[in-house]
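This is what each chain is made of:
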Amino acid sequence: MMHCLLDTEEMAEADRGAIAGGVPGIALMEAAGAACADAAVDLMAQTPGGRRVLVACGPGNNGGDGFVAARLLAERGYAVTLAFLGDAARLAGDAAIAAARWTGALVPLEQADPAASGDRAYDVVVDALFGAGLTRDVSGVPAAFLERLAASGLPVVAVDVPSGLDGNTGRVRGTACPAAITVTFARRKPGHLLQPGRALCGRLRLVDIGIPDAVIESLAPNTFANEEPLWRAAFPHPGIDAHKYSRGHALVLSGPADATGAARLVARGALRIGAGAVTIGSPTDALAVNAAQLTAIMLRPCDDADDLAGLLEDPRITALALGPGLGRERARALVEAAAGAAHARTRALVLDADALTAFAGEHAALARLLAGVERVVATPHAGEFAKLLSDCPEAREAPSKLAAARAGAAALGIVLVDKGPDTVIAAPDGRAAINTTGTPYLATAGSGDVLAGFCAGLLAQSMPVFEAACAAVNLHGRAGARVGPGLIAEDLPEALPGVLGEVLDPASG
Ligand SMILES: NC(=O)C1=CN([C@@H]2O[C@H](COP(=O)(O)OP(=O)(O)OC[C@H]3O[C@@H](n4cnc5c(N)ncnc54)[C@H](O)[C@@H]3O)[C@@H](O)[C@H]2O)[C@@H](O)CC1
Ligand SMILES: Nc1ncnc2c1ncn2[C@@H]1O[C@H](COP(=O)(O)OP(=O)(O)O)[C@@H](O)[C@H]1O
Ligand SMILES: [K+]
């Protein structure tokens, strides 16, 4: 369960649970501080002769970790300066114990200058001002310090989070200084994976400080990093007696003659990820242009809602993807037809692009339509998300992308893939995952269409809906990273066999 994430409240509960179970709080703090000291040593190893460390400690337990790190670094022979924010007499609990074990001087934080006279006064700085206990925006003395630190360009070890980063939301409260390494404890927090937090953290180092797994499992966390353990067991594999229809049949709806490319990208994605058969339903005027560019993918005429209802009489069509290139009006009619068609309850639906903006500001109408469909995934980018859920205050005013996606999924009663550099996949039952794969080269026209196809192809093979959406997003990111610079959307389905080989059969990678 290393792929589960803990929010700050859950983490505090885990700390309390471990302590109640007999692990002394100071032992957790000693382990945390030791890991931070190790990270500082690793960074100094990259600076020839590096031996000067500034440790900036705040007034809570994050500062306590800093006191431990400072002591251990001094014991290892490094020249340590400890800058402290606040009144040492008010330190309490484990932090007070850790501070008492530090026998060196305390420099007031306002006097600590990471780059005195423009010269490098230190080789590494440990940022232990605030962690999970950040309760308000950083301002005044600590804000000025963090700004000086950022301007110094010195390598920083952030303890738990870069101070000022909200571990639950990934947002900066006031100010924060980017870290080279962030050391966090027991499990990652959502703010380590959500932007801009992810970028601020630098390399993330997760360390075991002695909180038993059973304590964490007892919290039943329902937020995850979107990594293979989340969905691998549910990933479909063809049996020895497979035939094409046993691997599912995905239908993808095409736009008119001047907007057919999106559907072909969706279809190609669905086929590559393992749907046994894929058909494009195309307006009559676009049949020729589609036909000219399709081989393994089949083609059927589909002009309007009636045509779609006719196609969907076929129970072998196990997934339907629609939206890209359809135009809003046609998309809306087709979504309505799909929701009311034969076998609608068990046929999976993937809605993207125009199928979502067709319901802008009317999310409740879409939710009602889809109430009887068991497996639905919607894949909005940020603009589509904002339009579709503009009438849902819980999503609109949510404190984070994670909370917004959860609220949207609950309001719509479907799995929502809130795309971007930190794609969040949320289910109406409260589960949510933050994606960890990908590359900015995915920001290219049509790459979202391929993702919709990956979702449809997995759903066509009967994969459970949340796991299917998570797998599709993870693999899409991997395919993008594998191609890298020069990526165009057409490359993504073609990169998939190599990615699948690596993920599903690591020995062959
Ligand atoms: N025994 C434990 O509970 C453990 C805690 N750990 C560390 O403890 C941290 C959490 O400790 P705390 O809950 O004490 O919280 P923090 O140390 O993150 O911060 C709390 C303190 O900062 C002050 N503060 C919050 N926001 C401020 C702002 N914007 N400006 C100025 N002051 C502000 C609060 O008044 C409080 O004094 C974790 O991030 C982790 O580093 C680890 O040592 C593992 C064990
Ligand atoms: N900066 C980025 N880093 C990583 N992934 C990105 C980035 N920008 C976009 N993506 C991904 O690329 C895809 C783009 O989808 P979308 O915006 O719908 O594009 P299109 O409509 O052109 O297909 C999504 O899967 C998204 O998560
Ligand atoms: K910190």
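Residues numbered from 1 in each chain as written. Chains lettered and ligands numbered in written order. Predicted model: local features only at pLDDT ≥ 70, side-chain atom pairs only at ≥ 80, totals over all residues. Heavy atoms only, no water.

Per an unreviewed UniProt entry, the protein carries the name Bifunctional NAD(P)H-hydrate repair enzyme and comes from Salinarimonas ramus. According to its UniProt record, the protein has this under Subunit (unreviewed entry): "Homotetramer." (UniProt positions renumbered as here; feature names shortened; annotations may be inferred.)

> Residues and numbers for empty space enclosed by the protein, please.
Where empty space is left can be seen by rolling a probe of water-molecule size over the atoms. Within this structure, the stated rule accounts for two cavities of 30 Å³ or more. Here the largest cavity is characterised by a volume of approximately 40 Å³. Lining the largest cavity are Thr8, Gly131, Ala132, Asp160, Val161, Gly167 and Lys189. Across the lining of the largest cavity, the residue classes tally to two nonpolar, three polar and two charged. Space inside the second largest cavity adds up to approximately 30 Å³. Leu320, Ala338, Ala339, Ala344, Arg347, Leu349 and Val373 are the residues that line the second largest cavity. (1 Å grid on protein atoms, 1.4 Å probe; cavity = no way out; pocket = protein on both sides within 12 Å on 5 of 7 lines; lining within 4 Å. Points joined across faces, edges and corners; volume = space filled by probe spheres on them. Nonpolar A, V, L, I, M, F, W, Y, C, P; charged D, E, K, R; others polar.)

> So what's going on with the nonpolar core? Which residues, and what values?
With 106 residues, the main nonpolar core has Phe67, Val183, Ile211, Trp231, Phe235, Ile425 and Leu475 as its most contacted residues. Element by element, the count of residues in this core is highest for helix 2 (residues 25-44), at twelve residues. Shared between two domains, this core holds at least three residues of each, these being domain 1 (8-225) and domain 2 (249-503). When neighbours within four sequence positions are excluded, Phe67 is seen to be in contact with Cys57, Leu82, Phe84, Leu91, Ala98, Ala99, Trp102 and Leu106. (Core = buried A, V, L, I, M, F, W, Y, C linked by side-chain atoms within 4.5 Å. Buried < 20%, exposed > 50% of the residue type's maximum accessible area, 1.4 Å probe, protein only. Helix = DSSP H or I, 4+ residues; strand = E, 2+ residues; numbered from the N terminus. Domains from an automatic or database assignment. Contact = heavy atoms within 4.5 Å.)

> Before we move on, could you go through the sheet that holds strand 11 (residues 298-301) and cite the residues and values that matter?
With respect to topology, ten strands assemble into an open sheet ordered 8-17-16-15-14-13-12-9-10-11, the strand pairing being mixed. Across the chains shown, the open sheet's two edge strands, defined by having one partner strand only, are strand 8 (223-226) and strand 11. Neighbouring strand axes in the sheet, compared pairwise and without regard to direction, differ in orientation by 20° on average. Pairing analysis gives two bridges linking strand 14 (residues 376-378) to strand 15 (residues 415-418), with the strands arranged parallel. Counted as the bridge partner of Ala378 is Leu416 from strand 15. Contacting strand 9 (249-253), strand 12 (317-322) and strand 13 (348-351), helix 12 (residues 328-340) crosses the sheet at an angle of about 160° to strand 12. (Pairing = 2+ DSSP bridges. Axes fitted to C-alpha atoms, helices over the stretch in contact; angles between N-to-C directions.)

> With reference to specific residues and values, describe the domain arrangement of the protein.
Per the domain assignment, the segments making up the protein are domain 1 (8-225) and domain 2 (249-503). Spacing between the C-alpha centres of domain 1 and domain 2 amounts to 41 Å. At the interface, twelve residues of domain 1 touch 16 residues of domain 2. Across the domain 1/domain 2 interface, buried area totals approximately 1,100 Å², and carbon plus sulfur atoms make up 56% of it. In this structure, the connection of domain 1 to domain 2 is made through zero salt bridges. One can count nine residue pairs in polar contact (both at pLDDT 80 or more) joining domain 1 with domain 2. Elements with a contribution of two residues or more to the side of domain 1 that touches domain 2: helix 6 (190-193) and strand 8. No other element matches strand 8, which puts three residues into the side of domain 1 that touches domain 2. Per-class residue counts for the side of domain 1 that touches domain 2 are five nonpolar, five polar and two charged. (Buried area = accessible area lost by both parts, 1.4 Å probe. Salt bridge = Lys/Arg side-chain N within 4 Å of Asp/Glu carboxyl O. Polar contact = N/O pair within 3.5 Å; in protein donor to acceptor, adjacent residues only side chain to side chain.)

> Tell me about the site of ligand 1, and please be specific about residues and values.
Taken together, 21 residues lie around ligand 1, and Asn61, Asp65, Gly131, Arg136 and Asp160 are the ones closest in. Between Asp94 and ligand 1, the recorded distance is 3.5 Å, taken from a side-chain N or O atom to a nitrogen atom. Within the backbone of Thr135, one N or O atom sits 3.1 Å away from a nitrogen atom of ligand 1. When ligand 1 sits alone it has 870 Å² of accessible area, and the protein chains cover 80% of it. Judged by the fraction of its atoms near the pocket grid, ligand 1 is located in the largest pocket. Mapped by element, the contributors of at least two residues to the shell around ligand 1 are helix 2 and helix 3 (61-75). Here the element with the most residues in the shell around ligand 1 is helix 3; it accounts for three residues. Classifying every residue of the shell around ligand 1 gives nine nonpolar, six polar and six charged. (Near = heavy atom within 4 Å. Areas by Shrake-Rupley, 256 points an atom, 1.4 Å probe, with all protein chains shown as cover. Sits in = over half its atoms within 2 Å of the grid points.)

> Give a detailed account of the side chain of Asn226, specifying residues and quantitative values.
Here Asn226 shows up in strand 8. On the basis of relative accessibility, which here comes to 0%, the residue Asn226 falls in the buried class. Side-chain polar atoms of Asn226 contact the side chain of Trp231, separated by 3.2 Å. Non-local contacts of Asn226, meaning those with residues more than four positions away in its chain, are made with Trp231, Ile425, Ala433, Ile434, Asn435, Thr436, Cys470, Val473 and Asn474.

> So what about the UniProt feature "binding site: AMP" (unreviewed entry) in the protein? Which residues, and what values?
Residues annotated in UniProt with the feature "binding site: AMP" (unreviewed entry) correspond here to Lys419, Gly420, Pro421, Asp422, Thr423 and Gly448. These annotated residues cover 30 residues of sequence, but their C-alpha atoms sit close together, with the largest distance between any two at 13.9 Å. Lining residues of the second largest pocket, restricted to the annotated ones just named, are Lys419, Gly420, Pro421, Thr423 and Gly448. Topologically, Lys419 is positioned in the loop between strand 15 and strand 16 (424-426). The residues contacting Lys419, other than those within four sequence positions of it, are Asp352, Thr379, Pro380, His381, Ala382, Lys401, Gly448 and Leu451. In this structure the side chain of Lys419 is engaged in a polar contact, spanning 3.1 Å, whose partner is the backbone oxygen of Thr379. Turning to its location among the elements, Pro421 is positioned in the loop between strand 15 and strand 16.

> Outline the site of ligand 2, supporting the account with residue identities and numerical values.
Residues in close proximity to ligand 2 total 17 residues, the closest being Lys419, Gly420, Gly446, Ser447 and Gly448. The separation between an oxygen atom of ligand 2 and a polar side-chain atom of Lys419 is 2.6 Å. The separation between an oxygen atom of ligand 2 and a polar main-chain atom of Leu442 is 3.1 Å. Coverage of ligand 2 by the protein chains reaches 77% of its 580 Å² of free accessible surface. Structurally, ligand 2 is housed in the second largest pocket. By residue class, the composition of the shell around ligand 2 is six nonpolar, nine polar and two charged.

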